[in-house]
Structures are given as C-alpha cells and as structure tokens.
Amino acid sequence: MSKYLINTWEPETPTFWRAGGRDTANRNLWISIPALALAFAVWMVWSVVVVNLPAIGFQYSTNQLFWLTALPGLSGATLRIFYSFMVPIFGGRKWTTISTASLLIPAIGIGYAVQDVNTGFPTMLVLALLCGFGGGNFASSMANISFFFPKAQKGYALGMNAGLGNLGVSAVQFVVPLVITMGVFGTLGGEPQTAVKAGQTTTLWLQNAGFIWVPFIAVSSLLAWFGMNDLASAKASFADQAVIFKRKHNWLMCWLYTGSFGSFIGYSAGFPLLIKTQFPDVNPLQYAFLGPLVGALARVAGGIIADKLGGARVTVWTFAGMILAVFGVLQFLPHDGVAGSFNGFFWMFMLLFAGTGVGNASTFRMIPVIFLTERQRAAAGQPKAVQEQAIIDANKEGAAVLGFTSAVAAYGAFFIPKSYGTSIALTGGPGAALWCFIGFYVSCIALTWWCYARKNAAMPC
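Residues numbered from 1 in each chain as written. Predicted model: local features only at pLDDT ≥ 70, side-chain atom pairs only at ≥ 80, totals over all residues. Heavy atoms only, no water.

Visitor: Kindly report on the overall build of the protein chain, identifying the contributing residues and their values.
Guide: Summing up its helical and strand segments, the protein chain has 19 helices and four strands in all. For a compact globule of 461 residues, the expected C-alpha radius of gyration is about 23 Å, and the protein chain comes in at 22 Å, within 12% of that figure. Viewed in the frame of its principal axes, the protein chain has a C-alpha envelope of about 75 × 55 × 35 Å. Counting over 461 residues, the protein chain shows a buried share of 57%. (Helix = DSSP H or I, 4+ residues; strand = E, 2+ residues; numbered from the N terminus. Rg over C-alpha atoms; globule rule 2.2 N^0.38 Å. Buried < 20%, exposed > 50% of the residue type's maximum accessible area, 1.4 Å probe, protein only.)

Visitor: Would you mind going over the nonpolar core in detail, with residue names and values included?
Guide: One finds Trp 46, Phe 349 and Tyr 452 to be the most contacted residues of the largest nonpolar core, which totals 132 residues. Top contributing element to this core by residue count: helix α16 (residues 342–379), with 14 residues. Those residues in contact with Tyr 452 that lie beyond four places of it in its chain are His 249, Leu 252, Met 253, Leu 256, Ala 312, Met 366, Ile 370, Leu 447, Ala 457, Met 459, Pro 460 and Cys 461. (Core = buried A, V, L, I, M, F, W, Y, C linked by side-chain atoms within 4.5 Å. Contact = heavy atoms within 4.5 Å.)

Visitor: Before we move on, could you go through the environment of Thr 194 and cite the residues and values that matter?
Guide: In this structure, Thr 194 sits in strand β2 (residues 193–197). Residues Thr 194 and Asn 360, 166 residues apart in the sequence, show an inter-C-alpha distance of 41 Å.

Visitor: Could you give an account of the side chain of Thr 318, with specific residues and numbers?
Guide: Structurally, Thr 318 can be placed in helix α15 (residues 311–332). Given a relative accessible area of 10%, Thr 318 falls into the buried group. Discounting chain neighbours no more than four positions away, the residues touching Thr 318 are Gly 355, Val 358 and Gly 359.

Visitor: Requested: an account of the packing of helix α1 (residues 14–44) against helix α11 (residues 214–227), with residues and values cited.
Guide: Two elements in contact, α1 and α11, have axes whose closest approach is 10 Å; the angle formed by their N-to-C orientations is 150°. By the angle class used here, α1 and α11 are roughly antiparallel. For the pair α1 and α11, the crossing hand works out as left-handed. Where α1 abuts α11, its residues Arg 27, Ile 31, Pro 34, Ala 35, Leu 38 and Val 42 lie against Phe 216, Ile 217, Ser 220, Leu 223, Ala 224 and Gly 227. Split by residue class, the contact of α1 with α11 holds nine nonpolar, two polar and one charged. (Axes fitted to C-alpha atoms, helices over the stretch in contact; angles between N-to-C directions. Parallel < 35°, antiparallel > 145°, perpendicular 65-115°, else oblique. Left-handed = near helix turned anticlockwise from the far one by under 90°. Nonpolar A, V, L, I, M, F, W, Y, C, P; charged D, E, K, R; others polar.)

Visitor: Which residues make up the pattern of salt bridges, and what values do they have?
Guide: Pairing between side chains becomes possible if they bear opposite charge and their charged atoms approach one another. Counted according to the given criterion, the structure contains seven salt bridges. The partner of Arg 93 in a salt bridge is Asp 230, with the nearest N and O atoms 3.9 Å apart. Of this pair, Arg 93 sits in helix α5 (residues 92–101) while Asp 230 sits in strand β4 (residues 230–231), and the two are 137 residues apart along the sequence. Of the residues examined, Asp 230 reaches a relative accessible area of 3% and is grouped as buried. Residue Glu 388 is joined to Lys 384 by a salt bridge in which the shortest nitrogen-to-oxygen separation is 3.9 Å. Placement of both Glu 388 and Lys 384 in helix α17 (residues 384–409) is noted, with a separation of four residues, approximately one turn of the helix. The partly exposed category is assigned to Glu 388, whose relative accessible area is 43%. A relative accessible area of 63% places Lys 384 in the exposed class. A single salt-bridge network, built from bridges that share partners, covers Arg 247, Glu 374, Arg 375 and Glu 397. (Salt bridge = Lys/Arg side-chain N within 4 Å of Asp/Glu carboxyl O.)

Visitor: I'd like to hear about the packing of aromatic side chains, residue by residue, with values.
Guide: Within the structure shown, the criterion is met by 47 aromatic pairs. Considering the side-chain rings of Tyr 60 and Phe 121, the 5.3 Å spacing of their centres and the 65° angle between planes classify their relative orientation as edge-to-face. Placement of Tyr 60 in the loop between α2 (46–52) and α3 (62–83) and of Phe 121 in helix α7 (residues 121–130) is noted, with a sequence separation of 61 residues between them. With respect to class, Tyr 60 is no different from Phe 121; both count as buried. Directly above the ring of Trp 450 sits Arg 454, whose terminal nitrogen or CZ lies 3.8 Å from the centroid. (Phe/Tyr/Trp six-rings, centres within 6.5 Å; stacked < 30°, edge-to-face > 60°. Lys NZ or Arg CZ within 6 Å of the ring centre and 35° of its normal.)

Limitation: the analysis is restricted to geometry and does not speak to function.
Written as structure tokens, this is what we have:
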C-alpha cells in the first residue's frame, strides 16, 4: 500500500476536515497550481514564437504561421477529452506527475527546432500539436482538485487552481519576449540567431522560449510525485465515468463553459493578432499578456464571489457584462474610414477578459453543486449507506464533467482566432465575428436563467 494513497476521505464531515483534511487538500492544491501554470505556458508558447520566426530567417507563409498558432488549441482541446477521465483511473498524484513531465517533450523540442532555419514545417507542426499536452492538463488538474474540497469551498479551490494556473498564459506572453533577448543558459543554450526587425539587426535566443520552462517543469514534476496524494474514493473506471454522457446537465454546462473559458482562451490566443491587424502602429507584445493576466486574477475572485452569491446568479450577470464589453470593442474598432481608438479598444477588452475570468469560476462552481444535488435528491429517504454512496458518486460525476466541459470549451482557442480571420477575409473587419459572439452570450444568459437561476428553476445553484 502506497503511503501516498488516502483510503478515507470525507471533506463534507466537519471534524474530518478540521482534523487534517483541510491541510492535505491545500497541500495538493498548492502543488497543483504551479504545475497547471506551466501547462498553460507551454500550451500558448506558439502565440509568441511565431511572431519571431520570420525575423530570424524562417520562410513560412502567413497561413503556415497561423496554423502553428492554432494547432495547439485543437490538440489541447482533443486531449482534454481523454485527460478528463485519467485521474480516477491512475490517481491524481501519478497523473499530475506524468502529465507535467510530458511538457518537457515540446519544450525541449522547440528549443532545438528553432535554432535551425532549415527545420521543416511538418516538424514544427508536430511540435505545435505536442504543445497540446499543456492544454490537456487542465481537465485532469481540475478534476483532481475537485475531489479534495467540500461543496462549500469548491468554488474557492477550483477558482484558485484555474485562476492562478491560467496565469501561465500571461506569463508566457510576458516572459518569452524578455528571455529570448539574452543568453540565459550560456553555451548550454546554443548559439544566438541574427534577427532583422523594422530594418534593425538584433540578436535573439529564440530557443529560450522552450528551454526556459524545462527546469521548472522538472521541479514541478518532482513536487507532484513526492508531495501529492491519490484518493481511493476517487477511483473509477472509464465505464463508471461515462455515465456523464447520459446526464443532461453535462451538455448544458458544456455550452455555458464554452461561453466563459472558451472565450478566455480564444481571446488570449487571438488578442495579439487582432491588435496587429486593427492597430498596425501598436506593438502587440507590449499588451498581449495583460488580457490573460486580468482574466486569470478575475477567476480567483470569481470563485469566492460564486461561493457567496451562487454560481448561476453570478454567471447570468457576467455574461450580461461580457455582452456590453463586446459592444464597446465594436465601437472602438476602426470602421467606415474611422481610425478607431486603441485605448478604448484595449480597456473594453480588459473588461471582457475580466468577465471571462469571473464566468470561468462561476460556471465551474455550478457543476459540482448540480451533480451533488441531483444524486442527493435521488438518495433522499434511503439508508445512510446509500446517501453516503450518493456523495461519492456525485463527486466522481462532477469531476468527470469538470474535465469534459473544459475539453469542449478549449476548442475556443482555435475557433475564436479563426473567426476573426474569416470575418476579416469576408467583410474586411472582425465585426461579424464579434456580433456572433454577442448572440452566443445571449443564449448563455437564457440557458442559465431558465435552468439554474430563476425562482423556480429545476436545479438552482
């Protein structure tokens, strides 16, 4: 029997929680957070790398560069579908270690590939797909943490894990432009490249975009192996978890979480390019990291607010705020011969990112509450053993749904940037895409209000 396996875990029992359950849960949470942040950093690293490839001599077309940016979104979202079910099969400690260590493959691979301008495009495509390992990690990380905390604190725990983990998106867009300007690893890091930007010749170490994460990934993997726990009560086969595909609320929450997290990750991936196309005189890398930063911090706050006010109520008002923010973006974009206002555009996007962060937390707070309520209703009036088993089953289903909804929503990392591109190609501007987003958010408000937020909702949460 492993010393890392916990056989009895009862977070809903106050005496158990106070006697050591809370400390164990928090230890697992605080090891999980940096591992998840590194996963997001690796997932989004191409959003910064592609901006610099032409400058150091790579002869890729604009379309090819777009594919390198978009493919991690596709592979990450697809991997999340499988990662959603891994924690109950392998255990949270083991899977966190494996999934974090796997980030070494694309990080090291990018570091070597960008040092040779003759590296073939297919090789780069493979590395872009491998960065999806980082995207997949979110599903398993959130599912794992959801097992450790009681119902009353799931919003806080999931908000902290996801919110601080999401900081990896902001970190990669802030850190990489800095570290590629210096020889961080000396001779071990390889020779610098000569880059030409705006007619000026400079020196870059683009390999540092991958190598800089390697030592942190190694340390984080070791911390997960020696510091986290597996829960016996979380064990379940894929067949046990597959029951979620029969649950109506699984599919409803996929829709809502696409509106929140799908927006966050899609806007994060597309923000630099949108700035570059709409405001050519602005350096997008000076501002790109701020949007994901605001969204990540708002998610932390959103989890706490949702615990106090209720996830559904917060979700309704958040989508309403996001609609107003998109209207603001539309007003400040260049249109009809008017140059537009970058300051107005930027601040409206900051409000939009903040809304996605709060919505991420509030929708994720809804999921475990919905499934716990549903299973407890079914077990009402039954013997105590049946009611206890209902709580265990609810936690397993809720964790699987947390992972699966995040998988569906992650496709936003691909579709939002592609929507901008399609809108610009067909109409000359991104406005058509933004109007579609508004329509989607309206549907999210209607769904949340009818099913979860109104006075006589079937499943108030």
